[in-house]
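Each chain is listed here by its residues.
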Amino acid sequence: MSRKYPALWLLAAVTSGIVIADLSNLPAWLWLLAAMAATVVGAIRACTRYGVAALLASLALLSAFQYAQNFHQPGARQLGGLVSVSRVYRVYAQVADWPKIRTDRTDITLDVDSLTADRRYVVDGRLLLTVTTRTTALQRGDRVAFTARIYPVETYSPSPHSRYDRYLRLQGIAGRTYLPTLLSVHVDRRSPLGYVPVIDAVRTYIVSVLEQDLTPEAAALAKGYLLGETRDIPTDIYEMFRDSGTLHLLAVSGSNVALVLAVCHLLMRPLSLSRGRRNAAMLMVLAAYAGLCYFEPSVIRASLMAALLIIARTVRRNANLNQVIALAASCILLVDPAQFFDIGFQLSFATAWGLVFIVPRLIDLFAAHRSHWWYRWAVFPLIVALVAQLVSTPLIVYYFHAIPLLSVPANLIVIPLVSLGVMGVVVVPLVHLILPILGQFAGSLVDPLLRLVVVLLHWMRGPGLPVFHMERLADSPWTLPAVIAAYTLLVMATVGLTSRRIRRTLVFVVLSIALLLVGLSALDARDTQTTLSVEPVPGGTAVLIRDRSGIGDLIITSAIDRSYPLDQRVFQPMLLRRDVNRLRSMVVLDAPFGAVDDLLRLATANHVQRVLIHRSLRSSFADVVAADSAFGDLRIDEFSGPLPNLTAPGLAAGDDGILVQLPGLSVLIVDRLPDNLPEASGSKTTALVIGTTWTPAPDDWVRLRLRGFDLIAARSVRVGGRERTQSSDPDYEEIPPDYVCDLKRLGTIELHANPPDPADRPPSGRFNLSD
């Protein structure tokens, strides 16, 4: 096998080095030293089996060295190690990538040259600039200068954003900064000559032609199919693709690259070109198309595999698809080892290998029927769709915890239409270049095809769309072993098509896994992992703490009386959305007299064992209870006193707020920021919830972050009209970073506690309730 598939061994060495380096966190110099020793051994025993093993080991160690050097141990001039969140810097940088325009912001990756504060710092590293408006004012290659505060991206952090921080680190980004607009940014435009400006000009032409020759809805879809630009696609249509399992069609990948090459091949057929010239033209088209799609990783992967196939055909060699896939993956990982942890990388290569490994064995079962029309137009597409779904499902479950059950039929219907649509979208700009009226004619033919896709997805969507949700796998330690077991069973089932021994082994393994799952289900039934939801309510904020048994605790920072009953219109629907059927306790920090009866009705309807109120509410609650005998059975206690220290266990209440302590999570809930706010301590994720509108003074969120709060959530955040932070740039204006959450804008945030240790669990329930 090593001689038949050497690229597979190459890929195994590279990936093993990356995984070991990520798990071990050893210093980079140690990996380099070990790689040099393995290389010497391999050179000495070069023509032997041990020499080959040593050379593969040296390659794995070099991969580990590169990964550790880039992501574990940055140099002394690295951006993240030099900047301090308490300072404001003048940043000098170059735009490193095409800006990514989101629905509510623009993300721009910058290569930073230097910073100035009290002195000038020469730095290395990338910075992610987030602009809170959608803008195309900056392009790749522009040089920029601006004033901003830089928030370092932490490599290992207990904060709720730690997974995103890891993603940013794997992209080479060491810091984040935020600007309201680009008006205060000084820009030095790039040269109009070169590959990138030409590609930008071609892309601008294609987009303008599509918007001119197609209806707005069809033009948005066409830009998504051809260029991967999805920002103009309406939200409801985007959700149709997502819920039907066809969202991959809006991400430019292998099928798009193949269709573009097919159109170019058809256009070149009338020309008398040699094989070498046609293949050279194909390679040029690949390079141009990758640039048009912003060099997205999925396009790079597909283009590289296509290029290897074209090169093999040029030199008249039979290209083994296993070799091509493994060599393409190895080349990508040698250049950028962080791609190994990218979801798109894993999905694309797993699906490609599944198709190469499984489809030939399945179509052999129909060897006698390959000439029939029903095989070519029905059976073969169904086999491909089923295999792609089977191979991608374990990873989809692992990352997204849901399976759209209509994915296979939806893909069978939609993919052929989208393929025709992509070919038509490629033709429209070409014929428009010859004669604009021809482009309009071609667009009139393509437009109904694109809109037909939307009609079909809308028909297949509906409120009863069967989607199998598996949220309970999100934090289970058995999820990754289950994914590995699923792929093992899939390989065994494929090999078992021709091997009776493997089929018998497969039956034994399936029965063993079934028994194991029954045992794990019994253990999982005892899991009471807790989720804390924070969302705005009229006049304040509600914090709902719930476990998987459907029992919860509700904390209300403030509430105002409305013309409608708050319990029926606000709080009860919130409990239903969160699958809470009973409340153990309810805590009220503040409420006007008109809202007290609503809150007491809510407590009565949900069989609350204990109502905790601030001492200032004693008279209001006493009057309402005295007037209505239905509330007489409720246990109502008061709390007062100083705010407890953040090391206190369970749930504690004081004059200034409520402290919730969960395994791995500490949340301080206040109506307004007190003057004596304690400092967060310990290794837990610490969040601060401000129940009313928060108007921060200059640098307030920075000071709170330095006091140990990983997340700050307020009912609303107002930053306009406050005193400007001191800075040498008169146009500089700060905006809150991502760890400051405006609930009025975001709606709801959720925090998850770690699975509790039964030995640490209080005997009276999940919380220790104390005055």
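Small disclaimer: the values here were computed from a predicted structure and weren't measured.

**Topic: the sheet that holds strand β12 (residues 531-537)**
- What the 7 strands build is an open sheet, ordered β17-β16-β15-β14-β13-β12-β24; its pairing is mixed. The sheet is open, and its two borders are formed by β17 (636-639) and β24 (749-752), each paired with just one other strand. Looking at each pair of strands side by side, their axes are set apart by 20° on average, direction ignored.
- The pairing of β12 with strand β13 (residues 540-546) spans 7 bridges and is classified as antiparallel. Of the residues in β13, the one forming a bridge with V537 is G540.
- Here helix α20 (residues 593-605) sits on the sheet in contact with β14 (551-556), β15 (582-588), β16 (610-614) and β17, set at roughly 155° to β15.

**Notes on the pairing of strand β19 (residues 657-662)**
- The element β19 is largely enclosed, with a buried count of 6 among its 6 residues.
- Across the two faces of β19 the burial is the same, with G657, L659 and Q661 and I658, V660 and L662 all buried.
- With 4 bridges connecting them, strand β18 (residues 651-654) and β19 associate as antiparallel partners. By the bridge assignment, A652 is partnered in β19 with L659.
- Connecting β18 to the antiparallel partner β19 that follows it, the hairpin turn spans 2 residues.
- As paired elements, β19 and strand β20 (residues 665-670) share 5 bridges and run antiparallel to each other. If you follow V660 over to β20, its bridge partner there is V667.
- The hairpin turn running from β19 into β20, its antiparallel successor, is 2 residues long, and G664 in that turn takes a positive phi close to 75°.

**Regarding the pattern of salt bridges**
- Counted by the stated rule, this structure contains 29 salt bridges.
- In this structure, K223 and E211 form a salt bridge, with 2.9 Å as the shortest nitrogen-oxygen distance. Pair noted here: K223 is in helix α7 (residues 216-227) and E211 is in helix α6 (residues 195-213), with a separation of 12 residues, a long-range link.
- K223 gets classed as buried once you look at its relative accessible area, which sits at 3%.
- With a shortest N-O distance of 2.9 Å, R370 and D364 are connected by a salt bridge.
- The class of R370 is partly exposed, set by a relative accessible area of 36%.
- In this structure, a network of salt bridges that share partners links the residues E535, R546, R577, R578 and E750.

**Details of empty space enclosed by the protein**
- Counted under the stated rule, the structure contains 1 cavity of 30 Å³ or more.
- Approximately 50 Å³ is the volume attributed to the largest cavity.
- Along the walls of the largest cavity sit A148, R149, Y151, T177, Y178, Y732, E733, E734 and I735, which together make up its complete lining.
- At the level of elements, β6 (143-149) and β8 (173-179) are the ones that each hand at least two residues to the lining of the largest cavity.
- Considered class by class, the residues forming the lining of the largest cavity number 5 nonpolar, 1 polar and 3 charged.

**What about α6?**
- Spanning 19 residues, α6 covers 27 Å between terminal C-alpha atoms, matching the ideal 27 Å at 1.5 Å per step.
- For α6, the full list of buried residues reads V196, P197, I199, D200, R203, I206, V207, V209, L210 and D213.

Calculation rules
Residues numbered from 1 in each chain as written. Predicted model: local features only at pLDDT ≥ 70, side-chain atom pairs only at ≥ 80, totals over all residues. Heavy atoms only, no water. Pairing = 2+ DSSP bridges. Helix = DSSP H or I, 4+ residues; strand = E, 2+ residues; numbered from the N terminus. Axes fitted to C-alpha atoms, helices over the stretch in contact; angles between N-to-C directions. Contact = heavy atoms within 4.5 Å. Buried < 20%, exposed > 50% of the residue type's maximum accessible area, 1.4 Å probe, protein only. Salt bridge = Lys/Arg side-chain N within 4 Å of Asp/Glu carboxyl O. 1 Å grid on protein atoms, 1.4 Å probe; cavity = no way out; pocket = protein on both sides within 12 Å on 5 of 7 lines; lining within 4 Å. Points joined across faces, edges and corners; volume = space filled by probe spheres on them. Nonpolar A, V, L, I, M, F, W, Y, C, P; charged D, E, K, R; others polar. Expected span 1.5 Å × (residues − 1).

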